[in-house]
Each structure stands twice: as C-alpha cells, then as structure tokens.
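# Breakdown of the fold
Chain by chain, the residues run as shown.
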Amino acid sequence: MDQLIHVAQSPVQARLTIPGSKSITNRALLLAALAKGVSEISDILISDDTLAMVNALQSLGIAVQLDTHSCSCIVKGSGIPFPRREASIWCGDSGIVARFLLAACSASPGIYQLAGAEQLQKRPIGELLRILMQLGAKIISENEGRLPVTVMGVEALEGGKIAIHATETGQFISALLIAAPFAKIPLVIQAEELVSYPYIEMTCAMMAEFNVLVHRINKTDFSVPVPQQYQARNYRVEPDLSTASYFFAAAAVTGGQMTIQSISLQHSKQADTAFLTVLESMGCIVMVTEQGLTVKGGITLQGVTVDMRHFSDTFMTLAAIAPFASTPTTIAHIGHARYKESDRIAVMYSELKKLRVKVEKGNDWLKIYPSVPQGAVINSHQDHRIAMAFAVMGLRVPGIIIRGAECVSKTCPNFFKLWHGLYQV
C-alpha cells in the first residue's frame, strides 16, 4: 500500500489516546501464561505482534480469550510444562515472540517447532540458541542459527552460571530471565555486553509484579533464585511511548502542541521516556498535565548529539526531526539497530538521501545536517518504524509517499487514521 502524507498547513494541535505498549503487552501475555491462575490484561495493543503471541500461546494449549473491542485479554495460565507437549508455533514477524518462546519452550518437555516470516528469519537468535543448549535443551536449526528451529525441551533447565554476549539485542537476556524460574538451580546471567538495558529492567519489574524476583548483582549480571512461581494478576498496559514519539515529533517539526493521554512519566517502565529529554534538548517544552503528557514545539529546533543505545526504537523519529534543526544532529551507539526489522541505519541513510537530506553514516551512528528535503517515494522496507518516521517528515515536505505503509500493522494498525486526524483538529 502506498500512503501519501499531507503537509500540515498550520502547527499541529491535538490530544490523542495511543494504543498500549507492544513490549509490555507481549511480556504480560507470556507471564500470565506462565502463571498459576487467571489473569486479565487490559488496555493491550491489538496488532500483528500481539496476535502472534496470542496465537502462539494457544498453539501451546494456553486458554486465551482476546476481546479486540475492549482491548483486553483473559489468560488462564498453566505454568510449565505447557499443556501441549508438541506444537508448531508461527511467530510472524515478532522477535519478542520468537526469542521469548524459544526460552520458554526449552524449559517445557516436548517438541516445539518455531517458524516465522521471511523478515524474521534474517534476525539473529544464534547466541540465545547456544545458551539454551548449554542449559540442556536440544535445538535443531535449519538456517544456521536462525528460524526455523525445532526445540526439544527438558523437564527443567540446568541453571547455574552462564556468560552471554548481548550486543545484538537485550531480548536474549529477557527471554532467559523469564524462563529462569523453571531451572533446577538458580540461573546467574553474566552479560559481557548488553544493549537496551531499560527493556531488561522492564522485564525484571514485570516479573516481580507476577511474583518472581530477579536479583540484579550489577548492571550486567542477574540472578534468579529458585524455586519461584509466577502468580496470576490483573494487569493494565500503559500507552506505547515508541508510537507516541512520532506524534510528539509532529509537534516538534510544526511548532505545535501534542498531548498523549494517560501516560505517567514517573511510573512508566518504557525506555523511550528518554526521548522526551532529547526533545527538550532540541528546544521543545515537555509538560506533565492532568490529561497526560504534552510536548510543545520550539520556535527553532537545535541539533543534538545523543547516545541512543538504550532507546534505539526512537532513533528514526529523531532522524526525521533532525533535517529541520538549525545545527547537525549525531545519533550514536545504535549498531544493534542493524538487526531489527531492517538494517535501520542503512535504510534511514538511503531513504534520507532520496529526500536530498545531507546525511553521513558509520557502523553504529548517523549524522544528519540541516537540509531542505524534497518529496520522494520512500521504501518502508516493511519496517513499521521507518514508515512512521517518514510520516513525520511528510508534515513539512510535500510529495512524500510511503511504499509498503501497511507494515504499521505490526505495532499500530490505526496509525494513519490517527495521523490523518491531525489535520482535522
């Protein structure tokens, strides 16, 4: 699907409700499935990734009742072992589903086949497979350490001390932490390097809310005591700050004002709260109000130099704002973004060049200069964050068409409906 983005004729002024966090939704669904009892999860995100997790859990025999109208889900948890000792699991394009269920299935005696879409098959899981086999699981990979794989789970993971290299994604560590209560002895994880640390903190916090404690020895080492058992609970998912970033960016590039309702900075578990600090550094005003969180665009945007290793999902949003700043912007330490839905550094570089934006790139950085972008057809590369980021630029640049715009269904199926509503407020 091609999507033409309309130029904003005046500063954007809007108040919106954003769907629930993808990261929190999928963690909550899995934790509820691993818990004893019935959990109700409210304000969940209804998207391709959520449906992939729901369908995967149902394939494993977990009773999941999803209400797409109320954005809620009832999960009757079984703990481990899973009710079905043999299952074929389709992960779609979801890295979370693939990696988290690889670990969970390894801790459940049975034979589980995990497969995914072509895009997901390119994403790395080799280091996670190595660790899971070290912990006792037998895994057959048909694609040199990538999906599809067959997992022969065990009665209990071995546990003990493991060292893991986690520069590609923090999801490996989160997956192991979630499965750790099902080990024979405490699992101690020593990360040689890691990225996206706030997402690991999110995992630890949510595990605690479902009654399993993680001992954080330091920023890179974790220990999960056993025995522990997840317990069911009712859980509310907070709005997705990654999705909100594009709407805050709309205020930034048009000098307008955007309020996202029901977001609490003080209690948020999401890494992308840091993006708001970046916007403030560029000259925007961030306000916490009774209605939610408000960003007001500054008269002049300033370029920034920022390390985004721990909140890289919003680096593309910043890259979309940067050409309109008065000074250059350098986005550093984002090398792991090459292993996402696309090679996001290469894609942002090539698509910005199409718009005649002056941009430089390295292995783990981008530098974007003040520019006068020109309209062009943007290839989303079937990456939802690429499509949404260039929608931001379309508010200022006539003639931006996003090819493959349907990919936003991965995390926000109604994104363009919300986006077009900005012109009608």
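Residues numbered from 1 in each chain as written. Predicted model: local features only at pLDDT ≥ 70, side-chain atom pairs only at ≥ 80, totals over all residues. Heavy atoms only, no water.

Counting 162 residues, the largest nonpolar core has Leu-101 and Trp-419 as the members making the most contacts within it. Among the elements that take part in this core, helix H8 (residues 241-254) stands out by supplying 10 residues, more than any other. When sequence neighbours within four positions are dropped, the list of residues in contact with Leu-101 reads Leu-30, Met-53, Ala-56, Leu-57, Leu-60, Ile-89, Ile-96 and Leu-114. (Core = buried A, V, L, I, M, F, W, Y, C linked by side-chain atoms within 4.5 Å. Buried < 20%, exposed > 50% of the residue type's maximum accessible area, 1.4 Å probe, protein only. Helix = DSSP H or I, 4+ residues; strand = E, 2+ residues; numbered from the N terminus. Contact = heavy atoms within 4.5 Å.)

The four strands lie next to each other as S6-S7-S9-S8, forming an open sheet whose pairing is mixed. Edge positions in the sheet fall to strand S6 (86-90) and strand S8 (138-141), since each of these pairs with one other strand and no more. Averaged over all pairs of adjacent strands, the angle between their axes in this sheet comes to 15 degrees, without regard to strand direction. Bridging between S6 and strand S7 (residues 110-115) involves five bridges; their strand directions are parallel. Directly across from Ser-88, in S7, lies its bridge partner Gln-113. Contacting S6, S7, S8 and strand S9 (149-153), helix H3 (residues 95-106) crosses the sheet at an angle of about 30 degrees to S9. (Pairing = 2+ DSSP bridges. Axes fitted to C-alpha atoms, helices over the stretch in contact; angles between N-to-C directions.)

It is worth spelling out the side chain of Thr-317 at this point. When you line up the elements, Thr-317 lands in helix H10 (residues 315-321). Setting aside chain neighbours within four positions, we find Thr-317 in contact with Ser-245, Tyr-246, Ala-249, Phe-275 and Ala-389.

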